[in-house]
Amino acid sequence: ERIIRYFEGNKAVEITLVVTNKEQAGVIRRAENLKVPAMYLPAKDFKEGKINEVMRQHQIDFIVLAGFLLHVPDSLLEDYPNRIINIHPSLLPKFGGKGMYGGRVHEAVLAAGEQESGITIHYVNGNYDEGAIILQAKCPVLPDDTPETLASRVHQLEYEHFPVAIENLL
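The shown structure was predicted, so the numbers you read here are calculated from the model rather than taken from an experiment. (Residues numbered from 1 in each chain as written. Predicted model: local features only at pLDDT ≥ 70, side-chain atom pairs only at ≥ 80, totals over all residues. Heavy atoms only, no water.)

**Student:** What should I look at first to understand the overall build of the chain in this one?
**Tutor:** Along the chain, the regular secondary structure elements total 7 helices and 6 strands. Computed over the C-alpha atoms, the radius of gyration of the chain is 16 Å, within 12% of the 15 Å expected from 2.2 N^0.38 for a compact globule of 170 residues. Dimensions of the chain, computed from the C-alpha atoms along their principal axes, are close to 50 × 35 × 30 Å. Per-residue burial for the chain yields a buried fraction of 40% across its 170 residues. Roughly 9,700 Å² of accessible area belongs to the chain as shown, and the carbon and sulfur atoms make up 49% of that amount. In the chain, 17 side chains carry a positive charge and 23 a negative one; their mean positions are 4 Å apart. (Helix = DSSP H or I, 4+ residues; strand = E, 2+ residues; numbered from the N terminus. Rg over C-alpha atoms; globule rule 2.2 N^0.38 Å. Buried < 20%, exposed > 50% of the residue type's maximum accessible area, 1.4 Å probe, protein only. Areas by Shrake-Rupley, 256 points an atom, 1.4 Å probe, with all protein chains shown as cover. Lys, Arg positive; Asp, Glu negative; His and termini not counted. Charge placed at Lys NZ, Arg CZ, Asp CG, Glu CD.)

**Student:** What is the right way to look at the sheet that holds strand β3 (residues 63–64) in this model?
**Tutor:** Strand pairing within a sheet occurs via backbone hydrogen bonds; the two strands may be parallel or antiparallel. Read from one edge to the other, the open sheet built from 4 strands follows the order β3-β4-β5-β6, with strand pairing classed as mixed. The sheet is open, and its two edges are formed by β3 and β6 (133–140), each paired on a single side. In the sheet, β3 pairs with strand β4 (residues 84–88) via 2 bridges, with the strands oriented parallel. Following the sheet pairing, isoleucine 63 is matched in β4 by isoleucine 84. (Pairing = 2+ DSSP bridges.)

**Student:** How do you make sense of the pairing of β4 when you look at a structure like this?
**Tutor:** Side-chain direction in a regular strand flips from residue to residue, so the side chains alternate between the two faces of the sheet. Summarising burial for β4: 5 of the 5 residues are buried, a large majority. Strand direction decides the pairing type here: β4 and strand β5 (residues 116–123), joined by 4 bridges, are antiparallel. When the sheet's bridge partners are listed, histidine 88 is paired in β5 with threonine 120.

**Student:** Where do I start with the packing of aromatic side chains in this structure?
**Tutor:** Both the distance between ring centres and the angle between the ring planes are used here to describe each pair of aromatic rings. For the structure shown, the criterion picks out 2 aromatic pairs. Ring plane angle 80° and centroid distance 5.0 Å describe the contact between tyrosine 6 and phenylalanine 7, whose orientation is recorded as edge-to-face. The interplanar angle of 50° and the centroid separation of 5.2 Å between the aromatic rings of phenylalanine 46 and phenylalanine 68 together place this pair among those described as tilted. Of this pair, phenylalanine 46 sits in helix α3 (residues 43–47) while phenylalanine 68 is found in the loop between β3 and α5 (74–79), placing the two residues 22 residues apart along the sequence. Overall, the relative accessible area of 5% leaves phenylalanine 46 in the buried class. The exposure class assigned to phenylalanine 68 is buried, which follows from its relative accessible area of 13%. One residue, arginine 2, lies across the ring of tyrosine 159, its end atom 3.6 Å from the ring centre. (Phe/Tyr/Trp six-rings, centres within 6.5 Å; stacked < 30°, edge-to-face > 60°. Lys NZ or Arg CZ within 6 Å of the ring centre and 35° of its normal.)

Set out below in structure tokens:
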């Protein structure tokens, strides 16, 4: 929703579709409320290549992942080389990879005794969280942090930096 709102009125950027693999995802309603078409595609449709057809039908030329946990199919990577980006709630390469998302990342950062955390915006390749890094932004890990308090600071970095990074890439 924040990304859609950020680009409202920007004539150079048009958000034409939101796709989710979660049937009851709140993003569908939020996107539609903002007059952006949204659709649900089951995970198997990603694996079987239907996502590529959907992207072509909607004339998508750049893909932004946000909260998307499925492995991106090779066919989509081939159709969109260096045109798919993602955001991760840690300073990659630390605390990335399959299964590392949301609270799990923040728990791991705290368990490791890290002094800082942050976000990584990166290109998507065939491996989870291993694409070329576009931008990293940092925040301190405080002595009394919980996964929730750390997540709150990391989310603020996401809100501040992700739309601007997208705009700069476009």
